[in-house]
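Residue-level structure breakdown
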Amino acid sequence: MARYDPAGTGYNPDGRGPKDGVEVAWQRDTDWSMHGLTAPILVGETLYAVGQQSLVAFDRDTGEIRFTRDGQYWSTPARATASAYRSDTLAVSGREGLLGLSADGGYEVFGRSVGAERWYSHGRETQRWSSSSPQEPSPVAADGAVYAIVPDTDRVVAVDGSSGRVQWERTVGDERSSGSNRPAVRDGTVFVSSRPGDVVAFDAETGDTRWSSRPEPHTESPLRYRNFGPPTATDAGLVVPDREGVTLLDPADGSVLWEYTHDGNGTDGSAAVADGTVFVTDGAESLHAIDLESGEREWTADYRPDMDPIVADGVVYLGYQISELVAIDAETGDRRWTYEGATYFTQPIVDDGTLYVLTDEGLLALEEAS
């Protein structure tokens, strides 16, 4: 799923990608635009990607397109177990709400797909222009359930991964409909943050509110609230980035454990957490590495865009929407390599020494330079 796991760590402890230089392993251009803000995911031997008008499945080794299914899908999908079917379900936010798609694509009859969409769950049709880029918060799958933000709302919903049956639905903070972020799920709790400054913990099974918190703005901040990004759940606490810094909250009651201020302009992006370090961009000029336990700075590296870092095998990978893909050493902050072979990159993913990333033309696989 997006951000690798239900907790949203952006960290693949068993993965590895190119470390010292890259070259193209394969590139699969498509006849239609894949331009958007959503990362691909890897499930077994298949890569799934969402473009402006479709879901596309690629072979991980060759990039061969296995199937394409047209639809108004607006997020990276999340693989959910589906006991009622022979294959997994891909949960995805769409124009009309939350949908469950067949991971094997269903089948085609007379040019029309049959069985591609298994269920449609709670939601409402968005008024967004139908050709705009996919950018809804991605669903999260955990323990047979799917947790997602209802498009264009401050409401989080839990549905059964097999049937799409709604298990519960709750509002995050006040009903201001200004948008909530991708949930993080850990130890039976669903954590959701909203851009107006609320963080709420729900019981994953019942939807009961365990606590709700609205931390005060940073001391020198001119803002009246925290503009929160997506949370990341860890064993040390809940990491929540905002426009000007990062806060660690106690997962038991939402109290503040530490605050880190970078005085940037982080209007987008999320925090990755790996091996006791928090990695977050400030939207101004730097990537920050922060000690998870103490909240103290470990290092900063020059990196201007505000993005979603991912980490594997001691390397931080960042894809910028326009111009470059970079790899930074997780221990020192030194830049290992830069790739500029496309005009657009999404958040990448890595596994078995290969990095996969969507570009403006299709899907690109990069491997260690020989």
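Residues numbered from 1 in each chain as written. Predicted model: local features only at pLDDT ≥ 70, side-chain atom pairs only at ≥ 80, totals over all residues. Heavy atoms only, no water.

Observations concerning the pattern of salt bridges
Selection rule: Any Lys or Arg side-chain nitrogen found within 4 Å of a carboxyl oxygen on Asp or Glu counts as a salt bridge. The numbering of helices and of strands both runs from the N terminus, where a helix is a DSSP run of H or I of at least 4 residues and a strand a run of E of at least 2. With a 1.4 Å probe rolled over the protein chains alone, any residue whose accessible area is under 20% of its type maximum counts as buried; one over 50% counts as exposed, and the rest are partly exposed.
Taken as a whole, this structure holds 12 salt bridges when the rule is applied. For the salt bridge of aspartate 313 with lysine 19, the shortest nitrogen-to-oxygen distance reads 3.6 Å. Placement of aspartate 313 in the loop between strand 28 (310-312) and strand 29 (315-319) and of lysine 19 in the segment before strand 1 (22-29) is noted, with a sequence separation of 294 residues between them. For aspartate 313, a relative accessible area of 37% gives the class partly exposed. Owing to a relative accessible area of 25%, lysine 19 belongs among the partly exposed residues under this scheme.

Re the sheet that holds strand 27 (residues 297-302)
The test is simple: In this scheme, strands are said to pair when DSSP sees at least two bridges between them. To get an axis, fit a line to the C-alpha atoms, keeping to the stretch in contact for a helix; angles then go from 0 to 180 degrees between the N-to-C directions.
Pairing within the open sheet is antiparallel, and its 4 strands lie in the order 24-25-26-27. This sheet does not close on itself; its edge strands, each paired only once, are strand 24 (272-274) and strand 27. Strand-to-strand twist of the sheet, defined as the mean angle between neighbouring strand axes without regard to direction, takes the value 20°. Where strand 25 (residues 277-281) meets strand 26 (residues 286-291), 5 bridges bridge the pair, whose relative direction is antiparallel. Residue threonine 281 lies in a different strand from strand 26, and its bridge partner there is leucine 287.

Brief notes about the confidence of the model for the chain
Stated precisely, the cut-off is as follows: The predictor reports its confidence for every residue as pLDDT, a score running from 0 up to 100. We call two residues contacting when some pair of their heavy atoms lies within 4.5 Å.
Of all residues in the chain, 89% attain a pLDDT of 70 or more, and the chain-wide mean is 88. Counting interchain partners and residues more than four positions distant, the pLDDT-below-50 stretch residues 128-134 has 30 contacts.

Describing the layout of surface pockets
Let me state the cut-off plainly: Residues are said to line a cavity or pocket when one of their atoms sits within 4 Å of a point; the points come from a 1 Å grid over protein atoms alone, cavities being sets where a 1.4 Å probe fits but cannot get out and pockets being open sets with protein on both sides within 12 Å along at least five of seven lines. Grid points are joined across faces, edges and corners, and a volume is the space filled by probe spheres set on the points. By the convention adopted, Pro, Cys, Tyr, Trp, Phe, Met, Ile, Leu, Val and Ala count as nonpolar, Lys, Arg, Asp and Glu as charged, and the other residues, Gly among them, as polar.
Considered as a void within the structure, the second largest pocket measures approximately 460 Å³ in volume. For the second largest pocket, the lining is made up of 21 residues, of which Met1, Tyr4, Asn12, Leu42 and Ile349 are closest to its centre. Of all the secondary structure elements, the ones that give two or more residues to the lining of the second largest pocket are strand 2 (41-43), strand 28 and strand 32 (349-351). Of the residues that constitute the lining of the second largest pocket, the class distribution is 12 nonpolar, 5 polar and 4 charged.

A word on empty space enclosed by the protein
Applying the stated criterion across every chain, the model contains 2 cavities of 30 Å³ or more. As a volume, the second largest cavity reaches approximately 30 Å³. In terms of lining residues, the second largest cavity is bounded by Leu55, Phe67, Arg69, Tyr73, Leu101, Ser102, Gly105 and Ala116. The set of elements that each furnish at least two residues to the lining of the second largest cavity consists of strand 5 (65-70) and strand 8 (97-102). Across the lining of the second largest cavity, the residue classes break down as 5 nonpolar, 2 polar and 1 charged.

What to know about the side chain of threonine 232
Checked against the element boundaries, threonine 232 lands in strand 20 (residues 232-233). Threonine 232 gets classed as buried once you look at its relative accessible area, which sits at 0%. Excluding its chain neighbours within four sequence positions, the residues that come into contact with threonine 232 are Ala7, Gly8, Thr9, Gly237, Leu238, Val239, Ala271 and Val273.

Regarding the packing of aromatic side chains
Cut-off, in case you're wondering: Pairing of aromatic rings covers Phe, Tyr and Trp, the last counted by its six-membered ring, and requires centre-to-centre distances within 6.5 Å; plane angles under 30 degrees mean stacked, over 60 mean edge-to-face, and any other angle means tilted.
Tallying each qualifying case throughout the model produces 8 aromatic pairs. Here tyrosine 48 and phenylalanine 67 contribute two aromatic rings whose centre-to-centre distance is 6.4 Å and whose plane-to-plane angle is 55°, an arrangement assigned as tilted. You can see tyrosine 48 sitting in strand 3 (residues 46-50) and its partner phenylalanine 67 sitting in strand 5, a full 19 residues away along the chain. Ring centres of phenylalanine 191 and tryptophan 211 lie 6.2 Å apart, and the angle between their planes is 45°; this geometry places the pair in the tilted category. One end of the pair, phenylalanine 191, is in strand 17 (residues 189-193); the other, tryptophan 211, is in strand 19 (residues 209-213), with 20 residues separating them in the sequence. Grouping residues by exposure puts phenylalanine 191 and tryptophan 211 together as buried.

Things to note about the pairing of strand 29
Counting buried positions along strand 29 yields 5 of 5 residues, so the element is predominantly enclosed. Side chains Val315, Tyr317 and Gly319 of strand 29 all project onto a buried face; the interleaved residues Val316 and Leu318 project onto the opposite face, where all are buried too. Note: strand 28 against strand 29, 3 bridges, orientation antiparallel. Paired with valine 311 across the two strands is valine 316, which belongs to strand 29. As consecutive antiparallel partners, strand 28 and strand 29 are separated by 2 residues, and within that stretch aspartate 313 has a phi angle of approximately 50°, a positive value. As defined by bridge partners, strand 29 adjoins strand 30 (residues 325-329) across 5 bridges and the pair is classed as antiparallel. Each bridged residue has a counterpart across the sheet, and for tyrosine 317 the counterpart in strand 30 is alanine 327.

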